[in-house]
Amino acid sequence: MPNGTSWVTMAGTVTNSGRRHEVGQGSRDRGRPGAAGRARRGDGTPSRRSRRGVGGIRSRRGPGRAMRLRLPEERPTEPPTGYKIAHPVLSQDGTRVGFTGVSLGGALPYGVLDEARCVYGLRHRAPHRRCDCGFHCVHDRTEAEALLCTAEHRAAVLLEVSVLGAYIRFERGFRYARQRVRTATLGPCGCGAVAAALADAGWGRPGWRALTAACAGCVRGRTSLSPAAFARLAGEGLRVRAGSGVAEQPAGLGVSELVAEAALLQARLDWFQTQLAQLDERGSQG
Ligand SMILES: [Zn+2]
Ligand SMILES: [Zn+2]
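Residues numbered from 1 in each chain as written. Chains lettered and ligands numbered in written order. Predicted model: local features only at pLDDT ≥ 70, side-chain atom pairs only at ≥ 80, totals over all residues.

J.: Break down the overall build of the chain for me, citing the residues and quoting the values.
T.: The number of helices and strands found in the chain is five helices and twelve strands. Of all 286 residues assigned to the chain, the portion counted as buried reaches 42%. (Helix = DSSP H or I, 4+ residues; strand = E, 2+ residues; numbered from the N terminus. Buried ≥ 20, exposed ≤ 12 C-beta atoms within 10 Å, placed from the backbone.)

Put into C-alpha cells, the structure is as follows:
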C-alpha cells in the first residue's frame, strides 16, 4: 500500500444482533457482537495477534483537532465486502488452518472468523482512531490482486472478506474489528499450472506452516491439503477456489473442489507410475 493513504472521516458499524458499537473516543457504547460471530478462543493461537491486512496501511492523521471530532456514522445492514491478500497456514498438528497477513505487522495467523486485537498490545478495541490496528482490506478486488504481482506476494492468496463490527472507512477500504473470510482464491503453482493443492511453502510462523498453491505435479512429497480439505478445516463456510486467470468457476456445490481433488490424485498416480516404470527399467537393465 503506497504511503499517503488519506483517511476519510467516516466511521461505521455493521449491525449485529440488533446491537452496535461505535468507533468514538471515550464512547461507552460498546455493545458486544452477537455470540454467533464471536471469535473462538482457546484455540491455541496467541492472544496478541497482529492484524495487518492488505499492505500495511499506516498513514493517518497526526493527533490534532480533527481527531477529537466525532466521526460521522453509517450503519449498513449488510456487512461490507472487501478484498485483501494473505498466506494460508496450517497448524503444526495439521488440525487447523488460517491465514497470516503479508505485511510486517501481520506476523501471526487469524482464523476464518476472527476478531482484531491491537497489534501493539494497547488496551483498546481495534480499530482505534489513534492507532493503526485492526484488520485492513480494500474495496476494489483489482487493487488487492495488484499486490499479488510483487515478488514477495506471489505465493499469497486473494481473500474476499466480510467486514464485521466497528470499522473506519478510508478512501480505498476499511480498517475494522471483526472479519469473516468468505472466499480464498489461489493463484497458479510456481510452474504456472492451475493449483490443485495447498502445499508446504517452506516457511511459517511458530506452530504454523505457510502453504502455497501447487499444481498436482509439483506437490510431490510435501505436506499438502486439497482446496476442499483446507475449506473443511477452516469451517465457517469458507470457499477455496483455484483462480489462475482462468474463467470464473461456477458457484456449484463443490464441483470445482472435487475436480481439483481428482486432478491432484491423478497427478500423484501418474508420478507414482513414472517412478515405478523407472525402477522397472533399472531392474531389467541390471
Ligand atoms: Zn491499537
Ligand atoms: Zn506446478
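J.: A description of the nonpolar core should follow, citing residues and the corresponding values.
T.: Core analysis: the largest hydrophobic core is formed by 66 residues, its most contacted members being Ile-85, Leu-159, Ala-195, Ala-197 and Ala-214. With ten residues, strand S7 (residues 157-170) is the largest single contributor of residues to this core. The residue makeup of this core includes at least three contributed by each of domain 1 (7-87 + 100-185) and domain 2 (197-285). Leu-159 has contacts with Tyr-83, Lys-84, Ile-85, Ala-86, Phe-99, Val-181 and Ala-184, leaving out every residue within four places of it along the chain. (Core = buried A, V, L, I, M, F, W, Y, C linked by C-beta atoms within 7 Å. Domains from an automatic or database assignment. Contact = placed C-beta atoms within 7 Å.)

J.: I'd like a description of helix H4 (residues 227-234), backed by residues and values.
T.: Those residues of H4 not exposed but buried are Pro-227, Phe-230, Ala-231 and Ala-234. Burial along H4 is one-sided: seen end-on, the buried residues are contained in an arc of 100°. Looking one or two residues past H4, Gly-235 carries a phi angle of roughly 70°, positive in sign. (Arc of directions from axis to C-beta.)

J.: I'd like a description of the pairing of strand S3 (residues 81-91), backed by residues and values.
T.: With respect to burial, S3 is a largely interior element, nine of its eleven residues being buried. Of the strand pairs in this sheet, S3 and strand S4 (residues 97-101) are connected by five bridges, and their pairing is antiparallel. Residue pairing for S4: Ala-86 is matched across the bridge by Gly-101. The hairpin turn running from S3 into S4, its antiparallel successor, is five residues long, and Gly-94 in that turn takes a positive phi close to 75°. Direction of pairing for S3 relative to strand S10 (residues 208-214): antiparallel, over a ladder of three bridges. Counted as the bridge partner of Val-89 is Ala-210 from S10. (Pairing = 2+ DSSP bridges.)

J.: How would you summarise the confidence of the model for the chain if you had to cite specific residues and measurements?
T.: Of all residues in the chain, 71% attain a pLDDT of 70 or more, and the chain-wide mean is 77. Counting interchain partners and residues more than four positions distant, the pLDDT-below-50 stretch residues 1-9 has 21 contacts. Confidence over residues 16-66 falls short of pLDDT 50; this stretch has 108 contacts with residues more than four positions distant or in other chains. (pLDDT = per-residue confidence, 0-100.)

J.: With reference to specific residues and values, describe the environment of Ala-263.
T.: Inspection of the secondary structure puts Ala-263 in helix H5 (residues 255-285). For Ala-263 and Gly-217, which are 46 residues apart along the polypeptide, the C-alpha to C-alpha distance reads 9.4 Å. The contacts of Ala-263, once residues within four sequence positions are left out, are Ala-196 and Ala-216.

J.: Outline unusual backbone geometry, supporting the account with residue identities and numerical values.
T.: Cis geometry marks the peptide bond from Ala-126 to Pro-127, where omega comes out at 0°. Assignment of secondary structure puts Pro-127 in the loop between strand S5 (113-115) and strand S6 (135-138). The phi angle at Arg-220 is positive, at roughly 50°, despite the residue not being glycine. Topologically, Arg-220 is positioned in the loop between helix H3 (216-219) and strand S11 (224-225). Although it is not a glycine, Glu-236 sits at a positive phi angle of roughly 60°. Looking at the secondary structure, you find Glu-236 in the loop between H4 and strand S12 (239-242). By C-beta crowding, Glu-236 is classed as partly exposed, having 14 other C-beta atoms within 10 Å.

J.: Quick rundown of the environment of Pro-72? Include the residues and the values.
T.: Locating Pro-72 in the fold gives a position in the loop between helix H1 (65-68) and strand S2 (73-74). Residue classification places Pro-72 among the exposed residues on the basis of 11 C-beta atoms within 10 Å. When the C-alpha atoms of Pro-72 and Gly-12 are compared, they prove to be 8.1 Å apart, with 60 residues separating the residues in sequence.

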